[in-house]
Amino acid sequence: MAAGGVEELQQRRRLGRLSALSVYRRAAGAGRLERHRRGTPLPAGGKQAKARPRRGGAGSGGRQPEAPPPVAAAAPPSRVEQAKAQPKRGEAGGGGPEPEAAPPPIAAARRASRVERAEAPAGSPEAKRQRGPAASPGGPRPAGEGGGGVVGLLRRLGRLEDSRQRAAELFRWLVAPVPPEEFLGRHWERAPLLVRRGDPGYYAGLFSTADFDAALRGGQVHFGTHLDVTSYAEGVRETHNPSGRALPAVVWDFYQNGCSLRLLSPQAFSPTIWHLLAILQEHFGSMAGANTYLTPPGTQGFAPHYDDIEAFVLQLEGKKHWRVYSPRTDAEVLPQFSSPNLTQAELGEPVLETVLEAGDLLYFPRGFIHQGDCLPDAHSLHITVSSYQRNSWGDLLEKLLPAALQMALEEDVEYRQGLPMDYLGYMGVANSDAVDARRTAFVEKVQSLMKKLIHYAPIDAAVDQRAKSFLHDCLPPVLTQSEKAQSVYGFPARWQDGGPRDVDIQITKDTEVRLLRHGIVRLCNEEAGVMLYYTTENSRVYHKEEPKFLEIDPEYTDSIEFLLSSYPNHVSVAALPCETLEDKISLATLLFEKGILTTKKPLVQA
């Protein structure tokens, strides 16, 4: 190290100001950063970083946005809450009345000049029914303490017999007071939605800074794998991840020096988030994921960008200033992949600018550019719940069309006939403007084969393969106390008095059983045989385990379908449509041992 650098480090040590951020930047060098640094670096001292002017945003010449006043039932939105009404490039003007019918997704996204804002009036029956308890005194507490809030909500949902009803009710709570039908018809994949609830305790118990700290102290959080340390200043987005374990002293020093903290897959550390996502995934029919974001006052952690997921931003603590922008082109509407970091000059005017406070919700579809920064007077903790990544018609066709072509080649000689000997002479880009009857005949032949291809498309089999992938993505189910007592997970097998006790699973023809959840199994006909894929042995860590499946004798498929159609009702083992009683008991025992079936009563009474 150069002499000047040594002297600087010695001086910092004497002043007690050697931060994790400054150590990382010296050790990593510019090559380790996500973006090469330009402009002024983040401050290395312990003071909070000041909000910097941004082109086209707050501090760029106009009046600084003020934090909104407390929400009242009839209060008009403040300046930053207003959805912008200026027409965008390629958009319709925003001055007309709202259309009665919901527009198609592309049209809605391109002309999102008006964003709806919902409030649950204080004291209304809807607000009383939907909200959790008021925030507890003494600051945030770890999830699970106390009986109300999200933990109490999940406990109440656990009393519903049908897992599909649990999922529907949880989604209703997520978007309340907007009815789910209205949300799906007017906003899903179409336009952002802002819900200001005026209830700081709405998400109480879901996740808090205390839970964040507890995860760090658990010793299992690693930089890069589970935690990203980020900053965005002077138009530069940086990642500051050291290697190894994320120890609290290091992580909180980064935060103190103006860095944002993104906890990846918090469901691996928080049983409450795991429970929430495990229920929501059944409603979406697609993987439900999450990240949590903790941002210091007066800073921004990420550059403007758009994502490839449907995003639900739940503000847990503090407040955050958000700006949301419409897709700029048709190609950015419902994109397959996320964007790179964008510059402020590429954005135009936002369609929505607001300050989220604890208890609020912001939804925006994939393709909507967004950025969030903290105001100088408060930190922000939010969780983004996401779904519908690569879950489009095009993604289904990616599996379906190759399979259809393979079947057509096997079954239809027309697809195996040879191409004309001279087709290279009149087809191709160089010949695209030529007037030639052979070209016309060639194109008509291709069109005919493509239309005919639909008759060979194994649509159900392709859907089953997507379902198989979804089950691999799924979180394992979270069992209620009664479900645990009635499943293999509560079976009292143990070692006692020098030997195992209560080992035998006594399922008889009279035992009443049902599936643990409606969506935990999927039958797939594959070349190797009939496979039953299931989720009960999945990990809370994404794809940590290989897909879980059982190879099922074909004569058992009717029984699996019978269990699916009977859910949520219990059926006796004797009612399973197997040939023999032995087969019925063997199948039920196998599924019980895998956690797929539960019994109406515990098999061993305590």
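Criteria and cut-off values
- Residues numbered from 1 in each chain as written.
- Predicted model: local features only at pLDDT ≥ 70, side-chain atom pairs only at ≥ 80, totals over all residues.
- Heavy atoms only, no water.
- Helix = DSSP H or I, 4+ residues; strand = E, 2+ residues; numbered from the N terminus.
- Phe/Tyr/Trp six-rings, centres within 6.5 Å; stacked < 30°, edge-to-face > 60°.
- Buried < 20%, exposed > 50% of the residue type's maximum accessible area, 1.4 Å probe, protein only.
- Salt bridge = Lys/Arg side-chain N within 4 Å of Asp/Glu carboxyl O.
- Pairing = 2+ DSSP bridges.
- Axes fitted to C-alpha atoms, helices over the stretch in contact; angles between N-to-C directions.
- Contact = heavy atoms within 4.5 Å.

> Just checking my understanding: could you explain unusual backbone geometry for this structure?
If a residue is not glycine, its phi is most likely negative; likewise, a peptide bond is most likely trans. A cis geometry characterises the amide bond from Ala 176 onward to Pro 177, with omega recorded as 10 degrees. By secondary structure assignment, the location of Pro 177 is in the loop between helix H6 (163-175) and helix H7 (180-186). The phi angle at Arg 390 is positive, at roughly 50 degrees, despite the residue not being glycine. With respect to the helices and strands, the residue Arg 390 is situated in the loop between strand S11 (380-387) and helix H11 (393-411).

> Mind showing me how you'd approach the packing of aromatic side chains here?
We describe a pair of aromatic rings using the distance from one ring centre to the other and the angle between the two ring planes. Taken as a whole and judged by the stated rule, the model has 26 aromatic pairs. Summarising the aromatic geometry, the rings of Phe 171 and Phe 183 are spaced 5.7 Å apart at their centres and angled 65 degrees between planes, so their arrangement reads as edge-to-face. With Phe 171 in helix H6 and Phe 183 in helix H7, this pair connects stretches of sequence that are 12 residues apart. Assessed through its relative accessible area of 1%, Phe 171 is described here as buried. Considering the side-chain rings of Trp 188 and Phe 284, the 5.9 Å spacing of their centres and the 15 degrees angle between planes classify their relative orientation as stacked. Of the two residues, Trp 188 is situated in the loop between H7 and strand S2 (193-196) and Phe 284 in helix H10 (residues 271-284); the sequence distance between them amounts to 96 residues.

> Got a minute to help me understand the pattern of salt bridges in this structure?
Working definition: two side chains of opposite charge can pair if their charged atoms are close together. Here the structure, examined in full by the defined rule, presents 28 salt bridges. The salt bridge partner of Glu 310 is Arg 366, with a shortest N-O separation of 2.6 Å. Pair noted here: Glu 310 is in strand S7 (residues 310-325) and Arg 366 is in the loop between strand S9 (361-364) and strand S10 (369-373), with a separation of 56 residues, a long-range link. By the burial criterion, Glu 310 is buried, and Arg 366 matches it. With a closest N to O distance of 3.2 Å, Arg 390 and Glu 398 form a salt bridge. Within this structure, Asp 412, Glu 414, Lys 445 and Lys 452 form a network of salt bridges that share partners.

> I'm lost on the sheet that holds strand S19 (residues 597-599) in this one. Help?
Strand-to-strand pairing in sheets goes through backbone hydrogen bonds, with the strands running parallel or antiparallel. With respect to topology, three strands assemble into an open sheet ordered S18-S14-S19, the strand pairing being antiparallel. Whereas interior strands pair on both sides, the edge strands pair on one side only; in this sheet they are strand S18 (571-572) and S19. Both strand S14 (residues 512-515) and S18 contribute to a ladder of two bridges, which runs antiparallel. Residue pairing in the sheet places Val 513 in a bridge with Val 571 of S18.

> Would you mind showing me how to read the sheet that holds strand S16 (residues 529-534) here?
Strand order in this open sheet of three strands is S15-S16-S17, and the pairing throughout is antiparallel. Each having just a single partner strand, strand S15 (521-526) and strand S17 (548-552) make up the two edges of the open sheet. The sheet shows a mean angle of 30 degrees between the axes of neighbouring strands, direction not considered. Where S16 meets S17, five bridges bridge the pair, whose relative direction is antiparallel. Note that in S17 the partner of Leu 532 across the bridge is Leu 550. Along the sheet, helix H13 (residues 459-473) contacts S15 and S16; its crossing angle with S15, the most-contacted strand, is approximately 130 degrees. Packed on one face of the sheet, helix H15 (residues 557-566) meets S15, S16 and S17 and runs near 150 degrees to S15.

> How should I be thinking about the side chain of Thr 535 in this particular structure?
The topology assignment puts Thr 535 in the loop between S16 and S17. Apart from residues no more than four positions distant in its own chain, Thr 535 is found in contact with Leu 471, Cys 474, Pro 476, Pro 477 and Ile 520.

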